Amino acid sequence: MSSIVLATLNAKYPHCAFGLRYLLANMGEMQAETVLLEFTINQPRLDMLDAILAQQPRIVGLGVYIWNVEETTRLVADLKRVAPEVVVVLGGPEVSYETEQLEVSHLADYVITGEGDVAFAALCRELLASGGCQPPGSSIAPDSLTHSIAEPSGLHRTLAVIHAPVPVLTELKLPYDLYTDEDIAQRVLYVEASRGCPFTCEFCLSALDIPVRQFPLEEFLAAMSRLLERGAKQFKFVDRTFNLNMRVSRAILEFFLQRYQPGMFLHFELIPDRLPDSLKELIVQFPTGALQFEVGIQTFNDEVSHLISRHQDNAVVDQNLSWLRDHTTVHVHADLIVGLPGESLDSFAAGFDRLVRLAPHEIQVGILKRLRGTPIIRHDAEWQMVYSPHPPYEILQNKLLDFCTIQELRRFAKSWDTIANSGNFVETVGLVYQDDSPFAGFRCLAAWLFAREGHARGVSLSRLVELLLEYLTTQRGLAAEIVAAALWRDYQRGGRNDKPHCLRPYIGHAIVPQARSSSSQDAVPKRQARHQSTATGE
């Protein structure tokens, strides 16, 4: 039993609750009476409630994010029905902006906005000392806003919204020793050397989180060393701009390069037009499979970039992506966004084709989201931006893209992910391209697949092989023997020996699988390993 429960609903089991570990690390003398419970959004809600109440807590702190806000709302509603005396404290990006508009906020007793690493502990300390919720104006939240909430019974209670001061990173306790042996063995370990972002891209919450602040480098690397000694091998850096501070970036890369062991995997988010020689000379030394760079392109349209306050030298982006492709074994994941104000269908198509020619290993086509608090809303009137009011708040239509077109692009994104990003169709992908336009080719394929199957999700790998053979032969007019040979070679890349029924008439002893290239371009993406032997649907 614990006086304080820290809990959240992760999207999937491999994802660790990084923010809650920071809270736990900074609980001070209350850490011993605090327990961390992690759930996933697919777990039965009453089972989660049962696990929380089994601790007989006085305070429950919940991390609220775009992916779990709806289930968290239901969980808090049930919690307050059966244990109204438990103080519920909410935090996280989803409740940090436009707080009063959220139903879950109205169910809680306190909401902490911003970085609550220290503020949560301070609140708990006051609550435990006082035996319950303090009245408005108490020392708990001198800068808080209080709201009167009407209960169904007709009674009123008070919600306090506490705006946490930005913590001094040098004073925070780092959370990395709280990763368990199970976390190290089975889950992604999130780490950060800095917080904040120097850029002001209007679609991103990081635009509100400035300036960039660094954690003490020596202390951070010491924590990484302890994780390595415990057997950790996979590290996902959540820094928004890992390559902003060259001194820190180089120190981190040198640290891991000197301690490299087979199986080590490091994920970084990079500024796409900032890759100086001082970093390149380190990057080239990492072996295949060790580095993954997430490179946010978002748009190649300079006018759109200017409109959303995004500063990016696209000529340098081209050079850097080409260099990564030609001189390193880095796995490159690049992002584009559908639905930005000012971006037409033709503009997006041109940007997509340009990015495909630069040959990153993955291209994630994302749909624009109106994240709470982001300044993208200033374009709503001029560009007739219409978003869903429900998480994840995706664009439904705008002045240049109607609803049907955006729906078509959603299906396009899914087809691209399951075929091109999966690593299952390395050779066959090129057969889909049309008139040297990958976008045009996959647009036709996605439309055909939807018409043929009636949905864009949950298509098994064997069914995809069958559909691609049919599409490329009947719609593109390619020779069945050529298509089947490419599909068969692709099918075997994942170590499969069974022969798909549709390929058997074309598979003979004369067809010899091509030797798998050792280049990074042909490697099955590490992060897409789930596609190798399972259905491609999520």
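Residues numbered from 1 in each chain as written. Predicted model: local features only at pLDDT ≥ 70, side-chain atom pairs only at ≥ 80, totals over all residues. Heavy atoms only, no water.

A. Molecular detail of the confidence of the model for the chain. Within the chain, residue pLDDT values average 90, and 89% of them lie at 70 or more. Low confidence marks residues 135-139, where pLDDT is under 50. Its contacts with residues over four positions away, or in another chain, come to three contacts. (pLDDT = per-residue confidence, 0-100. Contact = heavy atoms within 4.5 Å.)

B. Examining the pattern of salt bridges more closely. According to the stated counting rule, one finds 32 salt bridges in the structure shown. Residue Arg-74 pairs with Glu-71 through a salt bridge whose shortest N-O separation is 2.9 Å. Taken as a pair, Arg-74 and Glu-71 lie in helix α3 (residues 69-82) at a separation of three residues, close to a single helical turn. The salt bridge partner of Asp-177 is Arg-226, with a shortest N-O separation of 3.0 Å. With Asp-177 in the loop between β7 (156-163) and α6 (181-186) and Arg-226 in helix α7 (residues 217-229), this residue pair connects regions lying 49 residues apart in the sequence. (Salt bridge = Lys/Arg side-chain N within 4 Å of Asp/Glu carboxyl O. Helix = DSSP H or I, 4+ residues; strand = E, 2+ residues; numbered from the N terminus.)

C. Region of the structure containing the environment of Val-76. Following the sequence through the fold, Val-76 ends up in helix α3. On the basis of relative accessibility, which here comes to 0%, the residue Val-76 falls in the buried class. In this structure, Val-76 is in contact with Leu-62, Val-88, Leu-90, Val-104 and Leu-107, ignoring residues within four places of it in sequence. (Buried < 20%, exposed > 50% of the residue type's maximum accessible area, 1.4 Å probe, protein only.)

D. Quick look at the packing of α7 against helix α8 (residues 246-258). In contact at an axis separation of 11 Å, α7 and α8 are set at 20° when each is read in the N-to-C sense. Put simply, α7 runs roughly parallel to α8. For the pair α7 and α8, the sense of crossing is right-handed. Two secondary-structure elements touch here, α7 through Leu-217, Phe-220, Leu-221, Met-224, Ser-225 and Leu-228 and α8 through Arg-247, Val-248, Ala-251, Ile-252, Phe-255 and Phe-256. A class-by-class count of the residues in the contact of α7 with α8 yields 10 nonpolar, one polar and one charged. (Axes fitted to C-alpha atoms, helices over the stretch in contact; angles between N-to-C directions. Parallel < 35°, antiparallel > 145°, perpendicular 65-115°, else oblique. Left-handed = near helix turned anticlockwise from the far one by under 90°. Nonpolar A, V, L, I, M, F, W, Y, C, P; charged D, E, K, R; others polar.)

E. Up close: the sheet that holds strand β15 (residues 362-367). Spatial ordering of the open sheet is given by β8-β11-β12-β13-β14-β15, a layout of six strands whose pairing is parallel. At either end of the open sheet lies a strand with only one pairing partner, and these are β8 (189-191) and β15. Across this sheet, the average inter-strand angle for adjacent strands is 25°, counted without regard to direction. The pairing of strand β13 (residues 291-298) with strand β14 (residues 331-338) spans six bridges and is classified as parallel. In the strand pairing of β14, Val-295 is matched with Ala-334. The strands that α7 touches are β8 and β11 (234-237); relative to β11, the one it contacts most, it runs at about 150°. On top of the sheet, helix α12 (residues 345-357) reaches β13, β14 and β15; it is set at about 175° to β14, its chief contact. (Pairing = 2+ DSSP bridges.)

F. Highlighting helix α16 (residues 461-474). For α16, spanning 14 residues, the distance from its first C-alpha to its last is 20 Å, which sits close to the expected 20 Å at 1.5 Å a residue. Within the span of α16, buried status applies to Leu-461, Leu-464, Val-465, Leu-467, Leu-468, Leu-469, Tyr-471 and Leu-472. Turning to α16, the residues buried within the fold contact α13 (403-421), α14 (429-432), α15 (438-453) and α17 (480-492). (Expected span 1.5 Å × (residues − 1).)

G. Main features of the pairing of strand β1 (residues 4-10). Of all seven residues that make up β1, seven are buried, and the element is covered over most of its length. Where burial is concerned, the two faces of β1 agree: the one with Ile-4, Leu-6, Thr-8 and Asn-10 and the one with Val-5, Ala-7 and Leu-9 are both buried. The pairing of β1 with strand β3 (residues 59-63) spans five bridges and is parallel. Opposite Ile-4, over in β3, you have Ile-59 as the bridge partner. Sheet analysis places β1 next to strand β2 (residues 34-40), joined by seven bridges and oriented parallel. Residue pairing in the sheet places Thr-8 in a bridge with Glu-38 of β2.

H. Region of the structure containing the side chain of Thr-299. Mapped onto the secondary structure, Thr-299 falls in the loop between β13 and α10 (302-307). Of the polar contacts made by the side chain of Thr-299, one reaches the backbone nitrogen of Asn-301; its length is 3.0 Å. When residues no more than four places from it in sequence are discounted, the contact partners of Thr-299 are Val-304, Ser-305, Gln-312, Asn-314, Leu-336, Leu-340 and Glu-343. (Polar contact = N/O pair within 3.5 Å; in protein donor to acceptor, adjacent residues only side chain to side chain.)

I. Expanded view of the state of the cysteines. As enumerated under the stated definition, the model contains zero disulfides in all. No disulfide involves Cys-204; its nearest neighbouring cysteine sulfur is the one of Cys-197, lying 6.4 Å away. (Disulfide = S-S within 2.5 Å.)

J. A look at the packing of aromatic side chains. Using the criterion set out here, one finds 25 aromatic pairs in the structure. Measuring from centroid to centroid gives 6.3 Å for Trp-488 and Tyr-491, while their planes differ by 20°, and the two rings are stacked. On the criterion of helical spacing, the pair formed by Trp-488 and Tyr-491 is a turn pair, its members being three residues apart in helix α17. The cationic tip of Arg-195 hangs over the ring face of Tyr-22; the distance from NZ or CZ to the ring centre is 4.7 Å. Seen from the ring of Trp-323, Lys-280 lies directly overhead, with NZ or CZ sitting 5.0 Å from the centre. (Phe/Tyr/Trp six-rings, centres within 6.5 Å; stacked < 30°, edge-to-face > 60°. Lys NZ or Arg CZ within 6 Å of the ring centre and 35° of its normal.)

K. Fine view of the pairing of β11. Every second residue of β11 is oriented toward a common face, the buried set being Phe-235 and Phe-237 and the non-buried set Gln-234 and Lys-236. In this sheet, β11 lies alongside β8 in parallel orientation, the contact comprising three bridges. Bridge assignment links Val-191 to a residue of β11, and that residue is Phe-237. In this structure, β11 lies alongside strand β12 (residues 265-270), joined through three bridges in parallel fashion. Paired with Lys-236 across the two strands is His-267, which belongs to β12. Traced from β11 through α8 to β12, the parallel crossover comes out right-handed. (Right-handed = clockwise from strand over helix to strand, strands pointing away.)

L. Region of interest: helix α5 (residues 119-130). Along its 12 residues, α5 runs 17 Å from first to last C-alpha, staying within 8% of the 16 Å computed at 1.5 Å per residue. Within α5 the residues assigned to the buried category are Ala-119, Phe-120, Ala-121, Leu-123, Cys-124, Leu-127 and Leu-128. In the stretch just after α5, Gly-131 is the one whose phi turns positive, near 85°.

M. How the structure looks around the nonpolar core. Judged by nonpolar contacts, the single largest core of 113 residues is most densely connected at Tyr-176 and Ile-252. Counting residues per element, this core draws most heavily on α16, which supplies eight residues. Aside from chain neighbours lying at most four places away, what touches Tyr-176 is Phe-18, Tyr-22, Tyr-190, Val-191, Glu-192, Phe-220, Ala-223, Met-224, Leu-227 and Arg-230. (Core = buried A, V, L, I, M, F, W, Y, C linked by side-chain atoms within 4.5 Å.)

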